[in-house]
Amino acid sequence: MWKTVVRRLIIMIPQIILLSMLVFTVAHFMPGDPFTGIIDPNVDAARLEELRRAAGYYDPLHVQYFRWVGNALQGDFGRSFAQKVPVTTLIGARAMNSIRLGIVSTVFTYAIALPFGMLSGRYNNSWFDRFVMIYNYVSYAIPTFVLALLFIYIFGYQLQWFPTRGSASPVIPKGTAPYYWDMFYRLLLPGFTAGILGTATTTQTLRNEVIDAKTQDYVRTARSKGVPENVIYNKHIFRNAFLPIASSIGFIFSGLLNGSVFIERIFAFNGMGDLFITSITSRDYSVVITLVLFYGVISIIGSLVSDIVLSLVDPRIRIE
Amino acid sequence: MATDNTLIEVNNLNVGFRFGDEYYNAVEDVSISLAKNEILAIVGESGCGKSTLATAIIGLHDPHNTRIEGEILYNGLDLTKLNEKLYNRLRGNDISMIFQDPLGSLNPVMTIYKQIEESLIYHTKLNDKERYDRVLELLNQVGIPKPERVMKQYPHELSGGMRQRVVIAIALANKPPVIIADEPTTALDVTIQAQILDLMKDIQEETESGIILITHDLGVVAETADRVAVMYAGQIVEEAPVDVLFTDPKHPYTRSLLNSIPNELHEDGEELHVIQGTVPSLQNLPRKGDRFRDRIPWIPDEAFDEDPILHEIAPGHKVRGNSWKYFHFEGEEME
Ligand SMILES: Nc1ncnc2c1ncn2[C@@H]1O[C@H](COP(=O)(O)OP(=O)(O)OP(=O)(O)O)[C@@H](O)[C@H]1O
Ligand SMILES: [Mg+2]
């Protein structure tokens, strides 16, 4: 088990180096330079050249790369052109919001997908199974903004159960218990929306795995021991059917984080996805680059998490 | 037929599988009994209904696609009438089953310990410590070396022979009076096969249970069984004590079967007769007349009964129909 983890951690290093090179190259060919936007347009061209030279703009590529890596390791990703603050300041708080949203929507996804997948697989071809199939098609096909607007309309305006905008209340004093409760409460509607959108694949995979597993010989053995039917499903079949799901757990998390870009936009939720769109539209390249790097790292960590989870649940992988 | 020692008595059992709206019997009019302390072998070609019969006895057919008619009596209790809950009390406790493929029969993500312990959990009130001791005892009984270590392992870490020993340990956990072994050695190599069969014989002697041993290997039958039932196309065509069956087989199918294996019986250069054709599929099975008729076309029509039934031709020796009286191998004369 620990061997697997350590080996996977070691594999991560070249992945991250490769990612950083890629991101750096893309950044290098982006229009603009470190002074775009922060300099008074009236400064004359010769002076600008001088500043660029001083900032290392004409250094060889590898020198620039290592300087960039060095800064990044110290948490310095440059400044936002548009908002005139360090990129890290801009991302910091929003990253936490997005991660919270990612967690809440993942919880919703599994709370829906696991029972749906298990039951529709167990009672396949029943009316419930057909209902789940239809649900899957709909939740898979429906565009994010349609579902989000629908929920905002129903739960926000009609029923008035949830606030429809923002990640925190502007009026409740920060740091108090009601403030955190309010923050959590505001996660529910966008989290539920994103959660539903993520269920189709997991439900479908689990259903097919259950249908496949229930005809396996080990299930027959369990039955011949006199194990009750519910235990057969919840223990023997579930643990086996869950394996492919477990292997995608990390990806689902990073996928939700990426996928919540639109959700955050629609719910005016102060997260990274929202920031991503704002900075692309305002051509705030230093922010965009940092976010790309960030999402890349999250994907790599996601696959690490998947591998670890899989090695936890599948003993056949542990051994190698 | 039924004596005080009778464990299982199957009477006129039909087991049909549904194809569309029709049921087709894979087991038809089977009557058989198993006594305490006895190994009953059921032999026959692939597809003749051996597993279907065994699965019916332990009640594991899918009720939606299977139709079961007739009786399966266990201690006088008709198992075909039991609900799932009651059947579960019996399965693993009174009747247990050993399956063919020892890798597939074990759950790949559960430890050996958990899988054996599970039998005990649902049928005994043993506490953790007692269950541990019992599992250890079982592993020793089935001849697994280093049982403490094996308990913590997963199926893929064991060899085929070891896995089959685990499967046997699971079946034995609650000392069931009836054990059904469906081709327990087919997936194993020859030396391991012999070991597993020896183990099963030892266990049978120790526990005095009755074993239904399903196989298509007549060598296995000769070595282990007390009594043999030969199945063809869903029916029992001959039933006899093992020595009688090998020395005085009657039914054309039994004789063909015995004649098709090269063994010491044929040392004198007697010709081997391979049975022609194959067992028809369920939907194409002739439902009237002698089912084996098509495969011995050189026997004249008058030899076959309209509706062949099992006759007891000597105590404990039953044969279906009368065609056996006219049977000879192709190219040979009647004796
Ligand atoms: N669940 C099922 N649904 C439909 N047909 C089935 C089913 N199980 C078995 N059959 C058919 O019933 C017949 C008997 O099958 P069964 O498995 O009992 O044979 P068997 O004697 O055990 O053969 P083998 O030696 O290959 O294990 C075969 O024609 C088979 O195709
Ligand atoms: Mg079979």
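None of these values were measured; they are calculated from a predicted model.

A. Region of interest: the interface of chain A and chain B. Facing the 23 residues of chain A at the interface are 25 residues of chain B. Both faces considered, chain A and chain B share a buried interface measuring about 2,100 Å² in area, 59% of it formed by carbon and sulfur atoms. Connecting chain A to chain B are 2 salt bridges. Here E118(B) ties to K225(A) by a salt bridge, and the two come within 2.9 Å at their closest N and O atoms. Of all the secondary structure elements, the ones that give two or more residues to the side of chain A that touches chain B are α9 (217-224), α10 (229-241) and α15 (315-318) of chain A. A per-class count over the side of chain A that touches chain B returns 8 nonpolar, 5 polar and 10 charged.

B. Seen up close, the pattern of salt bridges. Across all of its chains, the model carries 22 salt bridges over all chains by this definition. Taking the shortest distance from any N to any O, the salt bridge between R220(A) and D217(A) comes out at 3.6 Å. Remark: D217(A) and R220(A) occur in helix α9; sequence separation between them is 3 residues, near one turn of the helix. In this structure R220(A) comes out as partly exposed when scored by relative accessible area, which is 29%. For E69(B), the salt bridge is made with R67(B), and the minimal N-O distance between the two is 3.7 Å. Through salt bridges with shared partners, a single ionic network connects E38(B), R227(B), E239(B) and K318(B).

C. Expanded view of the pairing of strand β1 (residues 6-19) of chain B. All names here are of chain B. The buried fraction of β1 amounts to 10 of the 14 residues, a majority that puts the element mostly inside the structure. Bridge analysis of β1 against strand β2 (residues 22-35) gives 10 bridges, and the strand direction is antiparallel. The residue bridging I8 from the neighbouring strand is L34, located in β2. Taking the residues that link successive antiparallel strands as the turn, the β1-β2 hairpin has 2 residues, and the phi of G20 there is positive, at about 65 degrees. Where β1 lies against strand β4 (residues 66-74), 8 bridges are found, and the strand directions are antiparallel.

D. Fine view of the nonpolar core. Residue and element names in this part refer to chain B. Of all hydrophobic cores here, the largest spans 62 residues; its most connected members are I116, I168 and V221. Element by element, the count of residues in this core is highest for helix α6 (residues 160-172), at 7 residues. With residues up to four places along the chain from it excluded, the contact list for V221 reads A41, V43, T215, V228, V242 and F246. L13, V15, I57 and L79 belong to the second-largest nonpolar core, a separate cluster that totals 34 residues.

The rules we used
Residues numbered from 1 in each chain as written. Chains lettered and ligands numbered in written order. Predicted model: local features only at pLDDT ≥ 70, side-chain atom pairs only at ≥ 80, totals over all residues. Heavy atoms only, no water. Contact = heavy atoms within 4.5 Å. Buried area = accessible area lost by both parts, 1.4 Å probe. Salt bridge = Lys/Arg side-chain N within 4 Å of Asp/Glu carboxyl O. Helix = DSSP H or I, 4+ residues; strand = E, 2+ residues; numbered from the N terminus. Nonpolar A, V, L, I, M, F, W, Y, C, P; charged D, E, K, R; others polar. Buried < 20%, exposed > 50% of the residue type's maximum accessible area, 1.4 Å probe, protein only. Pairing = 2+ DSSP bridges. Core = buried A, V, L, I, M, F, W, Y, C linked by side-chain atoms within 4.5 Å.

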